Each structure stands twice: as structure tokens, then as C-alpha cells.
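Residues per chain are reported as follows:
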Amino acid sequence: MKKDQFVSLFFIDLLIFVVVQVYFIFTPFFEDIFWSAILAFAFHPLYLRLRGWIQNDTVTSLTMTALIFLAVIPPAVLLLLNIVQQTIELYQAASDYVRQGGIEKSIEHLRTIQPIQSIQEKLISWEPFTKQASSWLLNTVKTMGNYAANQTANITKNILFILLNVCFMAFFIFIFLRDGEKIYSYIYQIAPLEEKSKKQIAIRINEAFSAVIRGQLVTALTQATLAGFIFWILGIPVPLLFAVLTFFMSMIPVVGAGSIWMPWAVYFFISHQTAKAVTLLIFGGLVISLADNILKPALIGEKTKLPYFLLFFGILGGLRVYGFMGVFLAPVVLTLFFTLVKIHQEN
């Protein structure tokens, strides 16, 4: 081995070692950095407009950071408190429903439907199903209630650490807003790729993040708002909780908001509340779920260029591996993978 080769190999090994150490150093702050980057990216267009008025990067970044926290933190705290309260109310309502024989009454209503009557004698044994339905309903809402109570207890016990994380996030958001373009330029320059490949990768990653953050979030928020409104109008218990569930489910392709409002439409139907069932079916199909088909193409278009089924399994896998961060990371990682494959094929 020549001296130059040895020096190059040593330098590469040293660089890899240092990069790994830097990764371990910043790992405790990964979630803070990630969500700060997401918020900074989401509000960056507004930051650019504000910077055009103020003409000072530092003042603009401080102002924008304060506005972001005023727009995010107070509503998030109020929403969390209401969700905890409504989860407890849901458990109490479900317990009363089961004790008062609500499951049995619903199944009796279901058995009066003509198609079900023709099938039940041959295929369905209702008694085991009734017991399992009651047990499943109570266990599900009990698990939700326990989870909400545990999270509230954890937040109360770790309030100082949470406030510290909020301070870290404020600092990171400020840095990303003020120096984000410099950070991007530095990473772009040191990337050991051809200029054409770097441009292609940068464009695709930016498009994927724009699609997921601005498209997914706006669409999910719109669907959750519409769902919460119709749930409240129809007298569904704890409408805010189901609106929040709609928000999260709306981000999962294929599953979507229908996984929340459709079971309620079925419940209304089998409990002979036909007017509510029809109202929810019409509003859910033509307004809530249709918003997904209108807003996503308008806000996202073909930016991700990923097949729907691949995006579906990618987001599910991302949720399993990264938690809620997987909703944002999975499409970007998949987009980066196919971009690199395309670059390899071209070269």
C-alpha cells in the first residue's frame, strides 16, 4: 500500500469515527432537532415574507420563533387536557353502555335486518359474539383511559424536563430559521456527489418534505375539523377525541378518515338511527373523505411520485420504527431511495 493510499484510508476511517461520535453526541436531542426542523420548514415561507419586511435575519428569526410557539404550544396544551378528559368520559360512557345492555340491544337490532336474518341461522352464533364485543369495547376504552392517565402523570412528573425540551426546541427553531440556508449550503457543498446528482437529490427531498408537511398536515387538519363538527352536530360522545383520531388516521393512505366515521355510521344504522346514519354517510363520503381527494392533489400533486400502496406500507413501517416521526420520515426515505436508484441507473 502506497503512502498516499494509507493516508487517504486513515483519513476516511477517522472521518467515519468522528461522524459516529457526533451522531451519539446529538442522539439525546434527535427528537427536539427533528420537530424543530419540521416546524421551521413548515413556517419557512412565512419567515421569508416576514424577513422581507423586517430586513434583519436575527430579529426576524426571534419574531418567527415566538409566533410559532404562540401558534403551537397553547393550543397543544389545551387540546391535550381536553383529550385526557374526554378519554375518561369515553370510558365511563362505554362502561354504562355495556352495563345497560347496549351491546345486546344493538345486536338485536342487527338481527332484525332482513339479509342478516337469512344468514344467521346457518353462519352466526350471536352469544359468543355479544360477549366478545362487550369485552373488546371495555378493554379498548380502558386501555385508552389508562394510556391518557399515564401520559398525564408522566407529563406532571417530568414538567421540568418538558420545559427544558421546549427551550431546546425554541433554540433549534431559531437556528434553523436564521442559519438554515447556510446549513443547507454547507451540506450541499461537502456531499461527495456530482453536481447534477446533488441537485436532483435536493429537489426530490424538498418536494417530499413539502408534500408530507404542508400537504398531509393541511389535509389531515381539514378532515379532522370537518369530522369534529359533524360528530358534535350528531351528538356523538367526546367529538374532540374522535376528531383527533381522525387527524392521525387521515395521514395513513388507504385507511384514512373513513376508519373513524364509518363505524359510527354503521352503529347508527344498526341502532335504528337512520337519519343520523344517512347524514353521516353523506357528509363523510362527500365532504370529509372527498376533502382528501381535493386537497392532496392540489397541495401535493405528484411530488412524492410514490405508489399509494408503497406509501401506505412505508408509513406503517415508519410509525413502527420511528413513532409519529415515521409519518414524515418514511416518505422522504423512500423518495431518497428511488432517487438514488435512478441516479445509479443513469450513471
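Starting from 1, residues in each chain are numbered consecutively following that chain's sequence as written. Only residues with pLDDT of at least 70 get local features here, since the model is predicted, and only at 80 or more are side-chain atom pairs given and counted; chain-wide, interface and lining totals rely on the full set of residues. Heavy atoms from the whole structure form the basis of all side-chain values; hydrogens and water molecules are not counted.

Remarks on the overall build of the protein chain
Inference 1: Each helix is a run of H or I in the DSSP string that is no shorter than four residues. Each strand is a run of E no shorter than two, and both are numbered from the N terminus. Counting its secondary structure elements, the protein chain contains 14 helices and zero strands.
Inference 2: The linear arrangement of helices and strands in the protein chain, starting from the amino end, is α-α-α-α-α-α-α-α-α-α-α-α-α-α.
Inference 3: Burial classes: relative accessible area under 20% of the type maximum marks a residue as buried, over 50% as exposed, and values in between as partly exposed (1.4 Å probe, protein chains only). Taken over 347 residues, the protein chain has a buried fraction of 34%.
Inference 4: The contact rule is simple, with two residues in contact once any of their heavy atoms fall within 4.5 Å. The long-range share in the protein chain, meaning contacts at least 24 apart out of those at least 6 apart in sequence, stands at 71%.
Inference 5: For accessible areas, the Shrake-Rupley method is used with a probe of radius 1.4 Å. Any residue's cover is judged against the shown protein chains and nothing else. As presented, the protein chain carries roughly 21,600 Å² of accessible surface, and 70% of it is formed by carbon and sulfur atoms.

Notes on unusual backbone geometry
Inference 1: Phi at Gln-55 takes a positive value of approximately 65 degrees, unusual for a residue other than glycine.
Inference 2: Structurally, the position occupied by Gln-55 is in the loop between α3 (44-54) and α4 (57-99).
Inference 3: At Val-238, a residue that is not glycine, the phi angle is positive and equals roughly 40 degrees.

Comments concerning the nonpolar core
Inference 1: The nonpolar core is taken to be a set of buried Ala, Val, Leu, Ile, Met, Phe, Trp, Tyr and Cys residues, with the residues joined through side-chain atoms within 4.5 Å. Ranked by internal contacts, the top residues of the largest apolar core, which has 21 residues, are Ile-230, Phe-231, Ile-236, Phe-242, Phe-268, Leu-280 and Ile-288.
Inference 2: Among the elements of the structure, α4, α9 (195-233), α10 (239-250), α11 (258-270) and α12 (274-299) are those that each provide at least two residues to this core.
Inference 3: In terms of residue count, the dominant contributor to this core is α11 (five residues).
Inference 4: In this view, Phe-231 contacts Ile-236, Pro-239, Phe-242, Ala-243, Thr-246, Ile-260, Trp-261 and Leu-280; residues no more than four positions away in its chain are not counted.
Inference 5: If you look at the next biggest cluster of nonpolar residues, it comprises 16 residues, including Ile-38, Ala-220, Ile-252 and Phe-312.

A word on the packing of aromatic side chains
Inference 1: Two aromatic rings, drawn from Phe, Tyr or Trp (for Trp, its six-membered ring), form a pair once their centres lie within 6.5 Å of each other, and the interplanar angle then sorts them: stacked below 30 degrees, edge-to-face above 60, tilted otherwise. Evaluated as defined, the whole model comprises 15 aromatic pairs.
Inference 2: Taking 5.6 Å as the distance between ring centres and 90 degrees as the angle between the ring planes, the aromatic pair formed by Trp-35 and Phe-328 counts as edge-to-face. You can see Trp-35 sitting in helix α2 (residues 30-42) and its partner Phe-328 sitting in helix α14 (residues 326-346), a full 293 residues away along the chain.
Inference 3: An angle of 90 degrees between the planes, with centres 5.7 Å apart, marks the rings of Trp-264 and Tyr-267 as edge-to-face. Of the two residues, Trp-264 and Tyr-267 both sit in helix α11, three residues apart, roughly one turn of that helix.
Inference 4: Using a relative accessible area of 16% as the deciding quantity, one classes Trp-264 as buried.
Inference 5: Three or more aromatic residues joined by ring pairs form one cluster here, namely Phe-231, Phe-242, Trp-264, Tyr-267 and Phe-268.

Description of the pattern of salt bridges
Inference 1: In the sections that follow, a salt bridge refers to a side-chain nitrogen of Lys or Arg positioned within 4 Å of a carboxyl oxygen of Asp or Glu. Scanning the model with the defined rule gives three salt bridges in all.
Inference 2: The partner of Arg-51 in a salt bridge is Asp-57, with the nearest N and O atoms 3.8 Å apart.
Inference 3: With its nearest N and O atoms 3.6 Å apart, the salt bridge here joins Arg-51 to Glu-181. Remark: Glu-181 occurs in helix α8 (residues 159-190) and Arg-51 occurs in helix α3; sequence separation between them is 130 residues.
Inference 4: One salt-bridge network, held together by shared partners, links Arg-51, Asp-57 and Glu-181.

Some points on a nonpolar patch on the surface
Inference 1: A cluster of nonpolar side chains, Phe-11, Ile-12, Leu-15, Ile-16, Val-19, Val-20, Tyr-23 and Phe-24, forms an exposed patch at the surface whose accessible area comes to about 820 Å².
Inference 2: If you trace the backbone, Ile-12 turns up in helix α1 (residues 3-26).
Inference 3: Its relative accessible area of 45% is what places Ile-12 among the partly exposed residues. What goes into a patch is any residue over 30% in relative accessible area without a salt bridge, connected to like charges within 9 Å or, for nonpolar side chains (Val, Leu, Ile, Met, Phe, Trp, Tyr), within 5 Å.

Looking at the side chain of Thr-60
Inference 1: With respect to the secondary-structure elements, Thr-60 resides in helix α4.
Inference 2: Classification of Thr-60 by relative accessible area gives buried; the value is 0%.
Inference 3: When near neighbours in sequence (up to four residues on either side) are disregarded, Thr-60 contacts Tyr-47, Leu-50, Arg-51 and Ile-54.

Focus: the packing of α9 against α10
Each packed pair of helices is defined by two parameters, the angle between the axes and the distance between the axes.
Inference 1: Only the stretch in contact is used when fitting a helix axis, every axis being a line fitted to C-alpha atoms; angles between N-to-C directions are given from 0 to 180 degrees. In contact at an axis separation of 8 Å, α9 and α10 are set at 150 degrees when each is read in the N-to-C sense. Relative to α10, the element α9 lies roughly antiparallel. Note on packing geometry: the crossing formed by α9 with α10 is right-handed. Contacts between α9 and α10 involve Gln-216, Leu-217, Ala-220, Leu-221, Gln-223, Ala-224, Ala-227, Gly-228, Phe-231 and Trp-232 from the first element and Pro-239, Phe-242, Ala-243, Thr-246, Phe-247 and Ser-250 from the second.
Inference 2: All amino acids are sorted into three groups, where Ala, Val, Leu, Ile, Met, Phe, Trp, Tyr, Cys and Pro are nonpolar, Asp, Glu, Lys and Arg are charged, and the leftover types, Gly among them, are polar. In the contact of α9 with α10, the residues fall into eleven nonpolar, five polar and no charged. Orientation labels follow simple angle bins: below 35 degrees gives roughly parallel, above 145 gives roughly antiparallel, 65 to 115 gives roughly perpendicular, and whatever is left gives oblique. Put simply, a crossing is left-handed when the front helix is turned counterclockwise from the back one by less than a right angle, and right-handed when it is turned clockwise.

Concerning the packing of α9 against α14
Inference 1: Interaxial distance between α9 and α14 falls to 9 Å at its minimum, and their mutual angle equals 155 degrees. One element, α9, and the other, α14, form an angle in the roughly antiparallel class. In the packing of α9 onto α14, the handedness of the crossing is right-handed. Where α9 approaches α14, its residues Lys-196, Ser-197, Gln-200, Ile-201, Arg-204, Ile-205, Ala-208, Phe-209, Val-212, Ile-213 and Leu-217 are matched on the opposing element by Val-327, Phe-328, Pro-331, Val-332, Thr-335, Leu-336, Thr-339, Leu-340, Lys-342, Ile-343 and Glu-346.
Inference 2: Partitioning the contact of α9 with α14 into residue classes produces 14 nonpolar, four polar and four charged.

Concerning the side chain of Ser-61
Inference 1: Inspection of the secondary structure assignment puts Ser-61 in helix α4.
Inference 2: Side-chain atoms alone can form a polar contact between residues adjacent in sequence; in general such a contact is a pair of N or O atoms within 3.5 Å, and within protein one must be able to donate a hydrogen while the other accepts it. In terms of polar contacts, Ser-61 uses its side chain to reach the backbone carbonyl oxygen of Asp-57, at 2.8 Å.
Inference 3: From its side chain, Ser-61 meets the backbone nitrogen of Arg-178 in a polar contact 3.3 Å long.
Inference 4: Not counting chain neighbours up to four residues away, the residues in contact with Ser-61 comprise Tyr-47, Phe-174, Leu-177 and Arg-178.

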